[in-house]
Amino acid sequence: HLEVAPGALWFREALDRDAQAALLADIRAVLDKAPLFTPAMPRTGKPFSVRMSNCGPLGWVSDAAGYRYQPFHPETRAPWPAMPPALAALWTTYAAFKAPAEACLINYYGPDARMSLHQDRDEADFTAPVLSLSLGDTALFRIGGETRGGATRSIRLSSGDIFLLSGPSRLAFHGIDRILPGTSTLLPEGGRFNLTLRRVNPAT
Ligand code: MD5
Ligand code: FE
């Protein structure tokens, strides 16, 4: 792997095409039960350009009431589908954390979707890493430091890449500037899935 900042580990092409296709099939099965929804910004209610779903005991949602983790889909109200074993295995291998992941956030980016610079701080335990897996079109990912306005660097995340945010990078500002359409043939519909595996509650 490449350590792009202290604790920010980039495993390029960690998964081969077969492994990517298998995980994609798992994600499609999750989405059959828990369809992508359009999150909205707290207070303003402005819709995100990224659509989302989740699997595992908890899922991240956002609406006019705020950002939070909850155990059910915001529209169907059904419990999130179980975490596919292949995803749990990635957590074991790459995060090597003492407690299992509780949430897998599924982000879908169409050709015009983006995600502005932010920190992930809705989890109660920042000692656990966040594991990110990219599937489909390449994304221009930007990562900075723990304060807004500092230096940032830009990284091209491609299909099969795993990115692990741990230690000093766990609270790094980051975002997706844009998707590069047509850079992968994995998704027939185009675009990009990003899966983030997270620990939400303190590991006892
Ligand atoms: C994505 N997702 O590609 C991006 C980047 C999100 C999110 O940012 O919150 O869903 S995944 C890489 C990532 C995740 C968590 C923390 C950090 C990077 N980080 O501290 O740099 O859909
Ligand atoms: Fe994030």
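The structure displayed is predicted, hence computed values, not measured ones.

S.K.: Quick question: what am I supposed to make of the pattern of salt bridges here?
M.R.: Where side chains of opposite charge bring their charged atoms close, a pairing between them can arise. Scanning all chains against the criterion turns up 7 salt bridges. The residue Glu123 makes a salt bridge to Arg170 at a minimum N-O spacing of 2.8 Å. With Glu123 in the loop between β7 (115-118) and β8 (130-136) and Arg170 in the loop between β11 (162-165) and β12 (174-179), the pair connects residues that are 47 residues apart, well separated along the chain. Just as Glu123 is buried, Arg170 falls in that class too. The partner of Asp177 in a salt bridge is Arg142, with the nearest N and O atoms 2.9 Å apart. Of this pair, Asp177 sits in strand β12 while Arg142 sits in strand β9 (residues 139-143), and the two are 35 residues apart along the sequence. For Asp177, a relative accessible area of 27% gives the class partly exposed. Each of Asp120, Glu123, Arg170 and Arg198 takes part in one network of salt bridges that share partners.

S.K.: Please clarify how helix α1 (residues 17-33) should be interpreted in this entry.
M.R.: For an α-helix, 3.6 residues make a turn, and residues three or four places apart therefore share a direction. Look at α1: 25 Å from first C-alpha to last across 17 residues, which is about the 24 Å you get at 1.5 Å a residue. Residues of α1 that are buried make contact with β3 (51-55), α2 (85-95), β6 (103-109), β8 and β13 (192-198). The distance from a side-chain oxygen at the start of α1 to the backbone nitrogen of Asp18 is 3.2 Å, and the residue carrying that oxygen is Asp16.

Rules used in this analysis
- Residues numbered from 1 in each chain as written.
- Chains lettered and ligands numbered in written order.
- Predicted model: local features only at pLDDT ≥ 70, side-chain atom pairs only at ≥ 80, totals over all residues.
- Heavy atoms only, no water.
- Salt bridge = Lys/Arg side-chain N within 4 Å of Asp/Glu carboxyl O.
- Helix = DSSP H or I, 4+ residues; strand = E, 2+ residues; numbered from the N terminus.
- Buried < 20%, exposed > 50% of the residue type's maximum accessible area, 1.4 Å probe, protein only.
- Expected span 1.5 Å × (residues − 1).
- Contact = heavy atoms within 4.5 Å.
- Polar contact = N/O pair within 3.5 Å; in protein donor to acceptor, adjacent residues only side chain to side chain.

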